[in-house]
Structures are given as structure tokens and as C-alpha cells.
Amino acid sequence: MKPFTYDSETFLLRGKRFRILAGAMHYFRIHPDHWLDRLLKLKAMGLNTVETYVAWNVHEPTPGEFRFDGRLDVAAYVRLAAKLGLYVIVRPGPYICSEWDMGGLPAWLLADSNMRLRCSHEPYLTAVDRYLDALLPLLAPLQITRGGPILAMQVENEYGNYGNDKDYLKYLADGFRGRQIDIPLFTSDGLSGEMLANGTLPGLLATVNFDSDVETAFANLRQFQPDGPLMCTEFWDGWFDHWGEEHHTRDAGETAVVLDKMLATGASVSFYMFHGGTNFGFMNGANCENGRYRPTITSYDYDAPLTEAGDPAAKYLAFREVIARHELVPGLAIPESSPKMALGQVELTEAVGLFDALDILTSPAQRIAPEPMEMLGQSHGFILYQIEISGPRNAADLTIRDVHDRALVFLDGRYLGLVEREKPESPLAFEIPPEGATLDILVENMGRVNYGPDLLDRKGITEGVLLGEQFLYGWTIYPLPLDDLSGLSFAAAETIAGPAFFRGTFRVTAAEDTFLALPGWTKGVCWINGFNLGRYWERGPQRTLYVPRPLLREGDNEVIVFELHRVEGQMVAFRDRPDLG
């Protein structure tokens, strides 16, 4: 008898009825020193399973070079869950969505100008095979069939709303089986008929994702899968935020009522999210809706039962009460919020301008025309395009064709203005003096589209630059991934405009979690002791960045802020509570 399977109605664990009560919690969004704390809190809410995506792009940052250490040690995360008596569901993709850059697909796939994603395109499948060859041997020994905690694996993710290539889905499922994955495989899709029609595969358990309409969701599922256990793989108990929107919240009581209805049907459920965590660094994704590009914020709090900082929210208690009405809840104490510290204001007394630091940060490349960063082997960060224009030239419009995503334009070092992907219809105009001028265009990659038909989201200048009606040729391009700032030479900060790096130090005696606020700053990125916390933007809704305790050390600590525009006061503040808007 297989240790975990299912019949026409329910899951079976060692022959006995088993309801999966899972919570989504992604190891790559949480500092590993906090994994134990978060997993214990998951168990205390009454859940028996942790569910996690696997983000291909962080594990294979460059082709053929894999990382499974530290924050990326997914096998260690699974083993830790097992030690706590939890089961595990793994969703290895290769596409995961998850409001994560490019839905977890590596950006280097886009260096191939003929690339086609999420289908039976041979170069894509070759890359997928290399990824599965590296990942699945780490997870296969942890399956429940070999004494481990992994109950099931998902094939792809919400494929039904993207394509109809069933051969691709079958190729993935066969690839899992061929790499010794012998536990149940499943798919998950939205509740509409077309999504289920395109995303399901004969022989694999189908599940649905939804937020509230329990009856319709499971009725639609039954049309495509007349029997088998009912499961909501993503019960959307909150939502994510884009820059410039209001912070999303969902009432705990209303959400608990939906959960109660779902459990009353006998269904299994996975909360998306149980604990969201943080899109540290440059890993946030984006959406493109009706042609409008909308990048996701740094926080992935998601208004989940456990906050970004790992504290129980109102939903935690409400869900625990509902679960206790349907299943036995472990007799674990309700966890308390962790201590937070407020260090007050810190002045950033040193600075260096970006243009003064180019030789330290990067090596330039020469190209006839502007190229997106992927063509230069770069995945994240910023990219600077520079060209010498001969003069004189009368005033003419500068047009950056299909900029992805936000370009700051300078002429002889003087800031001229902004060209945004959201507002391509607003060109800048300037004239060139007789002696000529240097044009610089600094482009920020604000996160690749992670959902829908626009995944081929190359970053930088993707088509070309015109001055008037003439294309400009002969560029020097500076890739700026900003993955190592240790070589920067800071000096006492005088009046300096962005883009520039600002540095300050602060002392810590007993470290606790804290939240970095940037009043007076406009837009940029922050590092604590060399760790990239993520982006900030005065546009909101997010006003603070979460700083996990393990990033801090006793004694002196360093904060670096890369500001693109302007700052008033050069002060940051460490507070004991978040402000997500």
C-alpha cells in the first residue's frame, strides 16, 4: 500500500482518511534563521502541512550554475518541517507566478531572441530539464514513499489561464516520474471552465484556486473531475499590493466564514498565503493589465494570518477557531508577537554619485544599438546607456522606444526628466550645442511580469532611441546589477543629487526585528550590512522596509541607500512597527 494516495472522495494517509490543512510559506522569502519560528506557528494554527513553491530563477541565477545553500536550501527547509511533524507539498514549477520576478523563470532565458516560454519549445525544455536534473534528486529522497514528509508535487502552475499545450504538461509530468518522483502529482487552476480545461491532465489530480465562491469552484471542478478529493490549493485569504495602490486587506471574519464553508464540504485546503514574507532584493514581480505595467511592492505581507514579521494577525485566531470545529488542533500555545526595536533616526553622512562610481561598479560594453540587459548577461538592477551626440542640433524630441521600465535622462550630467513604461507618450525635447553633448539614460528594471501573456519582459531599452526622427547609434552600456557595493568609495556628504549612494552607520546592542523608514527620500533601494532589503518609493503604499533580526549584528551596522532622485535631510529611521499603507 502506498503511504499517501486518494480514492474517489478523500486523501488517504497510510490507509486512513486525511484532510490536507496546508499553509503556503516560501523558504526563499524568509530568512533561514526564522524558518523554525514560522513553521512552529503554522503548526500551532492547526495546520498539518506546509506548502512551498520552488523559485527556479534564484537557484540557477546563471545557466548551469546552481545554488541550494543558505536561504535557498529547500531540502533543509523540508527536513526541518519533518522534524516538527509537518508534511510538505512542493510546487517546483518550472513556472510559479507568485508575484515573483518572471514567475520564477530565469531572466537569462530571454537572452534567446527566439525564446518561447511554457510550451514545447525545445530550447525552453532543454533548460527546464537541466533545472529538474538539479532539483529533483534533492527532493526525491524526502518523499513520503521513502520515509520523508513530501506528500505531493504540483506540475507547472495555473497553466490553464496561459496556454493549451497539453504535450508540455505531459512532458513535465513524465519528467517528474522519470526522475523518481512517485508521489501523487496534481495541477491547480482558477475556477473557470476554460482554465480547468486547459490546465488539467488525465492521470493527475486537479485542484482549484479561489477566494470565496466555494460552491461554484467545486462544482466546476467536478465537471472536469467527477471524483477524487476536493482541494483548494490556493485559498486567497489576502492579496498583494502594487506601487501606487492602496494596501489590500480582507476582513478576518468574512474570510473565516468562507473557510468554514469549504471545510464543511470535506475539502482540503492550502492557505495562500499563511505567511507571505518579503520580496527581498530585486525579486518582486509585476502585472501588465490592459497595457498598464504595475510592479509589485517589496513587502509580501499579503494580509496573511502571519504578518511579514511573523506575528499572528486577526486571521490567525479566526482560522484556528474554524479549523478546531472540523479537525483536532494541536495543543500548542497561541504564539505571541516577537519583540521589535526602534533605534530612532540615523544620519547618512557619506555619499558617492553613481556616475563617479561606474568604474567600480561595472565594466562597459560597446554596442551599435541599445540592447536589453538580458542580452548582456544581466538579470536585475539598473542599466545605463551612454552616447556622444555631435552638434549643433536644433531642439528635438527624444523618444525611447519600449522602455522597460523607468528611465532617467541626463544631458552632460544635467537631469532632463523621466520616461516611464506607463507613460510612453511623453517624450523629452532638447538641443545639442555646437561642441556636442553626452546623453545618459539610466533604466531601472522594476520587476518582470509574472502572470499572463507578457512574460517575455526584457528589461532596459528594448527597441531603440530616436532624437527627432533619427535613430541614435554607437552606445556604451553599463550593466548595474548592484550585487556588490563593497568597492564604493564614500566621502563626506555634501549637497548631492541622485542618482547617488548614501551611507550611514548605527549601533545595536541587542538585535531585534525592526522596520526601516525613509521619510524625505523619493525612490531607490536599501542595503543593511550588504543585504539588499528591496525597493522603496514615496508613491506608497509601503512606507517601511522589514529588517529581520538576523541581518543585524552587535556593534556597528551599515545602511546604504541608493536614491535615484532627491532627498531631504539624509535621515532614515528604524521603527518598531511597520507601515504598509
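Just so it is clear, the model here is predicted, and its values are computed rather than measured.

S.K.: Give a description of the packing of helix α7 (residues 214–224) against helix α8 (residues 252–264) that names residues and reports values.
M.R.: At their nearest, the axes of α7 and α8 sit 10 Å apart, and the two run at 35° to each other. Between α7 and α8, the residues in contact are Val 214, Glu 215 and Phe 218 and Val 258, Lys 261 and Met 262, respectively. Residues that form the contact of α7 with α8 fall into these classes: four nonpolar, no polar and two charged.

S.K.: Give a detailed account of the sheet that holds strand β21 (residues 428–432), specifying residues and quantitative values.
M.R.: The four strands lie next to each other as β21-β18-β23-β24, forming an open sheet whose pairing is antiparallel. Pairing within the sheet leaves two strands with one partner each, and these edge strands are β21 and β24 (470–471).

S.K.: Let's hear about a nonpolar patch on the surface: which residues, and what values?
M.R.: Together, Ile 368, Phe 471 and Tyr 473 line one region of the surface with nonpolar side chains, adding up to about 360 Å² of accessible area. On the secondary structure map, Phe 471 appears in strand β24. Take Phe 471: its relative accessible area is 39%, and that puts it in the partly exposed class.

S.K.: Give a description of the pattern of salt bridges that names residues and reports values.
M.R.: As enumerated under the stated definition, the model contains 37 salt bridges in all. When the shortest N-O distance is used, the salt bridge between Arg 38 and Asp 37 registers 2.7 Å. Relative accessible area serves as the criterion here: at 29%, Asp 37 is assigned to the partly exposed category. With a shortest N-O distance of 2.8 Å, Arg 118 and Glu 156 are connected by a salt bridge. One end of the pair, Arg 118, is in the loop between β6 (87–91) and α4 (122–139); the other, Glu 156, is in the loop between β7 (150–154) and α5 (166–178), and 38 residues separate them in sequence. Considered together, Arg 118 and Glu 156 belong to a single accessibility category, that of buried residues.

S.K.: Hey, could you go over the pairing of strand β22 (residues 437–444) for me, with residue numbers and the actual values?
M.R.: Residues in a regular strand point their side chains to alternate faces of the sheet. Of all eight residues in β22, eight are buried; the element is thus mostly enclosed. Burial of the side chains of β22 extends over both faces: Ala 437, Leu 439, Ile 441 and Val 443 are buried on one face and Thr 438, Asp 440, Leu 442 and Glu 444 on the other. With eight bridges joining them, strand β17 (residues 382–389) and β22 adopt antiparallel strand pairing. Paired with Leu 384 across the two strands is Leu 442, which belongs to β22. Pairing of strand β19 (residues 406–411) with β22, which is carried by six bridges, proceeds in the antiparallel orientation. Bridge pairing links Arg 406 to Glu 444 in β22.

S.K.: Can you lay out α5 for me, pointing to particular residues and giving the numbers?
M.R.: Compared with an ideal rise of 1.5 Å per residue, which puts 13 residues at 18 Å, α5 spans 18 Å between its outermost C-alpha atoms and is within 8% of the ideal. Of all the positions in α5, only Tyr 168, Leu 169, Leu 172, Ala 173, Gly 175 and Phe 176 are classed as buried. For α5, the angular spread of the buried residues around the axis is 155°, confining them to a single face. Turned more than 90 degrees away from the buried face of α5 sit Asp 167 and Gly 178, all of them exposed.

S.K.: Explain unusual backbone geometry to me, using residue names and the numbers behind them.
M.R.: In this model, Tyr 272 is joined to Met 273 through a cis peptide bond whose omega is 0°. Counting through the fold element by element, Met 273 comes out in the loop between β11 (268–272) and β12 (286–289). Cis geometry is adopted by the peptide bond preceding Pro 392, which originates at Gly 391 and carries an omega value of 0°. Mapping Pro 392 onto the fold places it in the loop between β17 and β18 (393–404). The backbone of Asn 290 sits at a positive phi, close to 55°, despite the residue not being glycine. One can find Asn 290 in the loop between β12 and β13 (292–295). The phi dihedral of Asp 402 falls on the positive side, at around 60°, and the residue is not glycine. Of note, Asp 402 is situated in strand β18.

S.K.: Describe in detail the pairing of β11, supporting the description with residues and values.
M.R.: When you tally the buried positions in β11, you get five out of five residues, the bulk of the element. The pairing of strand β10 (residues 231–236) with β11 spans four bridges and is parallel. Its bridge partner lying in β11, Phe 235 is registered against Phe 271. One crossover worth recording links β10 to the parallel β11 by way of α8, and it is right-handed.

Basis of the calculations
Numbers given to residues run from 1 along each chain, matching the order in which its sequence is written. Selection of residues for local features in this predicted model requires a pLDDT of at least 70, selection of side-chain atom pairs for listing and counting requires 80 or more, and totals for whole chains, interfaces and linings are taken over all residues. Side-chain calculation: all heavy atoms of the structure are included, whereas hydrogens and water are not. Only C-alpha atoms enter the line fits that serve as axes; for helices the fit covers just the stretch in contact. Angles between N-to-C directions range over 0 to 180 degrees. Working definition: helices are DSSP H or I runs of at least four residues, strands are E runs of at least two. Numbering for both runs from the N terminus. The criterion used for residue contact is that any of the two residues' heavy atoms lie within 4.5 Å. Three classes are used: nonpolar for Ala, Val, Leu, Ile, Met, Phe, Trp, Tyr, Cys and Pro, charged for Asp, Glu, Lys and Arg, and polar for all others, with Gly counted as polar. In this scheme, strands are said to pair when DSSP sees at least two bridges between them. Without a salt bridge and with relative accessible area above 30%, a residue can belong to a patch; like charges are then joined within 9 Å and nonpolar side chains (Val, Leu, Ile, Met, Phe, Trp, Tyr) within 5 Å. Surface exposure here means Shrake-Rupley accessible area, sampled with a 1.4 Å probe, where a residue is shielded only by the protein chains that are shown. In the sections that follow, a salt bridge refers to a side-chain nitrogen of Lys or Arg positioned within 4 Å of a carboxyl oxygen of Asp or Glu. Exposure categories follow from relative accessible area, calculated using a 1.4 Å probe and restricted to protein chains: below 20% of the type maximum is buried, above 50% is exposed, and the middle band is partly exposed. By this rule the span expected of a helix is its residue count minus one, scaled by 1.5 Å. Directions pointing from the helix axis toward each C-beta atom define the arc. The crossover handedness rule: strands pointing away from the viewer, path from first strand over the helix to second strand clockwise, crossover right-handed.

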